[in-house]
Amino acid sequence: MEFLNTFLKAAFIENLVLAYFLGMCSYLAVSKSVQTAFGLGLAVIFVLGITMPINWLISEYLLSESGLLGIDLTFLRFILFIAVIASMVQLVEMVVEKYSPSLYSALGIFLPLITVNCAILGGSLFMVSREYNLSNAVAFGLGGGFGWFLAIIAIAAIREKIRYSNVPPALRGLGMAFILTGLMGIAFMSLMGIDPAAFTTNG
């Protein structure tokens, strides 16, 4: 139940993009169509879901003073975390290029830029600062990725529909995207008073 609790909290209550506004650059740039937003959202779920447990293992068993080496190497945390993220992003990039060239072309530079997406690195740093165990690290990675996926799909769907609306010229494009993101953030903030444990316990 703790796994589900952490997943729900990461996806809805502590949404990386709508609660902490992490990963905004690719979120705003790729959310012009649902198709590209869907592809990037899946990529973020995969990268977060894979890198979070790997980075947890590295942090606990390699960098920690109580780890296998018996030396405090926590100063290497940033560079090793980014190296793991970069390798996973490279794998995603190769798979997307092979099986969906049109999506690869549509995502453009923003697919490899997942490497420096602050939501990905931020997730690993949250994991360390909150002292999650391996199970919670996996749940937080999948939940954080799913929350980011929901956010980019939602704003992409709204932006597709709003093209046919009479939006004032000064607010077209990024202006309206920022307003929509703020309103979505307020909506998700209403979930902060909910205890996810209430949904994972019987009775």
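Residues numbered from 1 in each chain as written. Predicted model: local features only at pLDDT ≥ 70, side-chain atom pairs only at ≥ 80, totals over all residues. Heavy atoms only, no water.

1. Focus: the nonpolar core
Item 1. In this structure, Tyr27, Ile114, Trp148 and Ile152 are the most contacted members of the largest nonpolar core, which totals 48 residues.
Item 2. Of all elements in the fold, only helix 2 (24–29), helix 3 (34–63), helix 4 (77–99), helix 5 (101–107), helix 6 (118–129), helix 7 (134–162) and helix 8 (174–189) reach the threshold of two or more residues within this core.
Item 3. With near-sequence residues (within four places) excluded, Trp148 lies in contact with Asn15, Val17, Leu22, Gly23, Ser26, Tyr27, Leu40, Gly41, Val44, Asn117 and Ala119. (Core = buried A, V, L, I, M, F, W, Y, C linked by side-chain atoms within 4.5 Å. Buried < 20%, exposed > 50% of the residue type's maximum accessible area, 1.4 Å probe, protein only. Helix = DSSP H or I, 4+ residues; strand = E, 2+ residues; numbered from the N terminus. Contact = heavy atoms within 4.5 Å.)

2. Quick look at the UniProt feature "transmembrane region" (unreviewed entry) in the protein chain
Item 1. The UniProt entry lists residues 12–30, 37–58, 78–96, 103–126, 138–158 and 170–194 under the feature "transmembrane region" (unreviewed entry), expressed in the numbering used here.
Item 2. For the annotated span residues 12–30, helix accounts for 42% and strand for 0% of the residues, and the straight-line distance between the end C-alpha atoms is 21 Å.
Item 3. Across residues 103–126, helical content stands at 58% and strand content at 0%; the span's end C-alpha atoms are separated by 31 Å. (UniProt positions renumbered as here; feature names shortened; annotations may be inferred.)

3. Concerning helix 8
Item 1. The first and last C-alpha atoms of helix 8 sit 22 Å apart over 16 residues, in line with the 22 Å expected at 1.5 Å per residue.
Item 2. Of the residues making up helix 8, those classed as buried are Met176, Ala177, Leu180, Thr181, Met184, Gly185 and Phe188. (Expected span 1.5 Å × (residues − 1).)

4. Quick look at the pattern of salt bridges
Item 1. Tallied over the entire structure, the rule returns two salt bridges.
Item 2. Between Glu14 and Lys9 there is a salt bridge, with its nearest N and O atoms 3.7 Å apart.
Item 3. Glu14 gets classed as buried once you look at its relative accessible area, which sits at 15%.
Item 4. Between Arg130 and Glu14 there is a salt bridge; the shortest N-O distance is 2.8 Å. In this pair, Arg130 sits in the loop between helix 6 and helix 7 while Glu14 sits in the loop between helix 1 (2–13) and helix 2, placing the two residues 116 residues apart along the sequence.
Item 5. Classification of Arg130 by relative accessible area gives partly exposed; the value is 26%.
Item 6. Each of Lys9, Glu14 and Arg130 takes part in a single network of salt bridges with overlapping partners. (Salt bridge = Lys/Arg side-chain N within 4 Å of Asp/Glu carboxyl O.)

5. Regarding the packing of helix 4 against helix 6
Item 1. Relative to each other, helix 4 and helix 6 sit at 130°, their axes nearing to 10 Å. One way to sum up the angle between helix 4 and helix 6 is to call them oblique. Between helix 4 and helix 6 the crossing geometry is right-handed. Contacts between helix 4 and helix 6 involve Arg77, Phe78, Phe81, Ile82 and Ile85 from the former and Ile120, Leu121, Ser124, Leu125, Met127 and Val128 from the latter.
Item 2. Its residues assigned to classes, the contact of helix 4 with helix 6 shows nine nonpolar, one polar and one charged. (Axes fitted to C-alpha atoms, helices over the stretch in contact; angles between N-to-C directions. Parallel < 35°, antiparallel > 145°, perpendicular 65-115°, else oblique. Left-handed = near helix turned anticlockwise from the far one by under 90°. Nonpolar A, V, L, I, M, F, W, Y, C, P; charged D, E, K, R; others polar.)

6. Structural notes on helix 4
Item 1. The terminal C-alpha atoms of helix 4, which comprises 23 residues, lie 33 Å apart, in line with the 33 Å expected from a rise of 1.5 Å per residue.
Item 2. Among the residues of helix 4, Arg77, Phe81, Val84, Ile85, Met88, Val89, Val92, Glu93 and Val96 are the ones counted as buried.
Item 3. For helix 4, the secondary structure elements touched by its buried residues are helix 3, helix 5 and helix 6.

7. Topic: the state of the cysteines
Item 1. With the rule as written, the count across this model stands at zero disulfides.
Item 2. Cys25 forms no disulfide, and the closest cysteine sulfur to it belongs to Cys118, at a distance of 6.1 Å.
Item 3. Residue class for Cys118 comes out partly exposed when judged on its relative accessible area of 37%. (Disulfide = S-S within 2.5 Å.)

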